[in-house]
Amino acid sequence: MRTVELLCSPELEGTVRAAWHRLAEAGLPSLARNAQPNNRPHLTLASVEEFPPGAEQRLADLCASALPLPARVDRVAVLDGSAPLVWLVRPAPQLIALHGAVWDVLAEAPGPRPWHLPGRWIPHLSLALRFRDGDRRRARAVAGLDRPAGEFVAARSYDSDTRTVSDLTPAGPLLPG
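None of these values were measured; they are calculated from a predicted model. (Residues numbered from 1 in each chain as written. Predicted model: local features only at pLDDT ≥ 70, side-chain atom pairs only at ≥ 80, totals over all residues. Heavy atoms only, no water.)

Here we come to the side chain of Arg40. Residue position: Arg40 is located in the loop between α1 (10-25) and β2 (42-48). Reaching out from Arg40, the side chain makes a polar contact with the side chain of Glu13 at a distance of 2.7 Å. (Helix = DSSP H or I, 4+ residues; strand = E, 2+ residues; numbered from the N terminus. Polar contact = N/O pair within 3.5 Å; in protein donor to acceptor, adjacent residues only side chain to side chain.)

One pass over the full model with this rule turns up seven salt bridges. Between Glu13 and Arg40 there is a salt bridge, with its nearest N and O atoms 2.7 Å apart. Highlighted residues: Glu13 in helix α1 and Arg40 in the loop between α1 and β2, separated in sequence by 27 residues. A single burial state applies to Glu13 and to Arg40, both of which are buried. Through salt bridges with shared partners, a single ionic network connects Glu13, Arg17 and Arg40. (Salt bridge = Lys/Arg side-chain N within 4 Å of Asp/Glu carboxyl O. Buried < 20%, exposed > 50% of the residue type's maximum accessible area, 1.4 Å probe, protein only.)

Because an α-helix completes one turn every 3.6 residues, residues spaced three or four positions apart along the sequence face the same direction. Helix length check: helix α3 (residues 93-105), at 13 residues, gives a terminal C-alpha distance of 19 Å against a target of 18 Å (1.5 Å per residue), a fit within 8%. Looking at the buried positions of α3, the neighbouring elements they touch are β1 (2-8), β2, α2 (55-66), β3 (69-78) and β4 (85-89). (Expected span 1.5 Å × (residues − 1). Contact = heavy atoms within 4.5 Å.)

So, about the packing of α1 against helix α4 (residues 136-143). A pair of packed helices can be characterised by two numbers: the angle between their axes and the separation between those axes. Two elements in contact, α1 and α4, have axes whose closest approach is 9 Å; the angle formed by their N-to-C orientations is 130°. With respect to α4, the axis of α1 lies oblique. Where α1 crosses over α4, the handedness of that crossing is right-handed. Contacts from Ala19, Arg22 and Leu23 of α1 reach α4 at Ala139, Val142 and Ala143. Its residues assigned to classes, the contact of α1 with α4 shows five nonpolar, no polar and one charged. (Axes fitted to C-alpha atoms, helices over the stretch in contact; angles between N-to-C directions. Parallel < 35°, antiparallel > 145°, perpendicular 65-115°, else oblique. Left-handed = near helix turned anticlockwise from the far one by under 90°. Nonpolar A, V, L, I, M, F, W, Y, C, P; charged D, E, K, R; others polar.)

We now examine the packing of α2 against α3. Orientation of α2 relative to α3, taken along the N-to-C sense of each, is 165°, at an axis distance of 10 Å. Taken as axis vectors, α2 and α3 run roughly antiparallel relative to one another. Of the two possible hands of crossing, α2 and α3 adopt the one that is right-handed. Between α2 and α3, the residues in contact are Ala55, Arg58, Leu59, Leu62 and Ala66 and Leu98, Ala101, Val102 and Val105, respectively.

Next up on the list: the side chain of Arg156. As for its placement among the helices and strands, Arg156 is situated in strand β6 (residues 149-159). A polar atom in the side chain of Arg156 sits 2.5 Å from the side chain of Glu5. A distance of 3.1 Å separates a polar side-chain atom of Arg156 from the backbone oxygen of Asn38.

To continue, consider α2. The end-to-end C-alpha distance of α2 is 16 Å, a good match for the 16 Å that twelve residues give at a rise of 1.5 Å each. Those residues of α2 that are buried lie in contact with β1, α3 and β6.

To continue, consider the nonpolar core. The nonpolar side chains of soluble globular proteins are, as a tendency, buried together. Core analysis: the largest hydrophobic core is formed by 46 residues, its most contacted members being Leu6, Leu106, Leu125, Leu127 and Phe152. Excluding its chain neighbours within four sequence positions, the residues that come into contact with Phe152 are Leu6, Leu7, Cys8, Leu43, Leu67, Pro68, Leu69, Pro70, Ala71, Val89 and Leu125. (Core = buried A, V, L, I, M, F, W, Y, C linked by side-chain atoms within 4.5 Å.)

Below, the discussion takes up the layout of surface pockets. Taken as a whole, the largest pocket holds about 970 Å³ of empty space. Residue lining of the largest pocket: 31 residues in total, with Glu5, His42, Thr44, Ser126 and Leu129 positioned closest to the centre. Among the secondary structure elements, those contributing two or more residues to the lining of the largest pocket are β1, β2, β5 (124-128) and β6. Among the elements that line the lining of the largest pocket, the one with the most residues is β2, at four residues. Here the lining of the largest pocket is composed, by residue class, of 14 nonpolar, eleven polar and six charged. (1 Å grid on protein atoms, 1.4 Å probe; cavity = no way out; pocket = protein on both sides within 12 Å on 5 of 7 lines; lining within 4 Å. Points joined across faces, edges and corners; volume = space filled by probe spheres on them.)

Turning our attention to the state of the cysteines. One pass over the structure, following the stated rule, counts zero disulfides. Between Cys8, a cysteine without a disulfide, and Cys63, which holds the nearest cysteine sulfur, the sulfur-to-sulfur distance is 14 Å. Classification of Cys8 by relative accessible area gives buried; the value is 0%. (Disulfide = S-S within 2.5 Å.)

Below, the structure written as structure tokens:
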């Protein structure tokens, strides 16, 4: 599987990581417990089985020209009732345009994940992957009721076969995690 992900500005990343840690300290599920070196707050724009030929460079060019983008976080929610605990992201027009352009590049990609497709995509920053809806009220109180803002400043692609990350914003390196 290959993804296209946007990375947060240092301030927004710090806010999300702080929420991860508060959830873990409260004994709730949290991405703070994920020890993978590539684990960091991000917004997934697309996920496909593999990129078509030439797509990675086209995506890099697209992301380099579109970033930075404003990021405004909304409320904490549980997707699908008992799945990810997330901070919803308000979809600014620039973000919607980039999402559509990414899918234009990936139109011929095999194995698109349907939850990332235009019309079905719910922009969000994940706080925990497996979460019971019954703990949502407590999680909202622990994660924080504030609605942080920042920017999406870089893009990357994760390759699940090799467990590696590729930089999709060659104009600048990925910010440290």
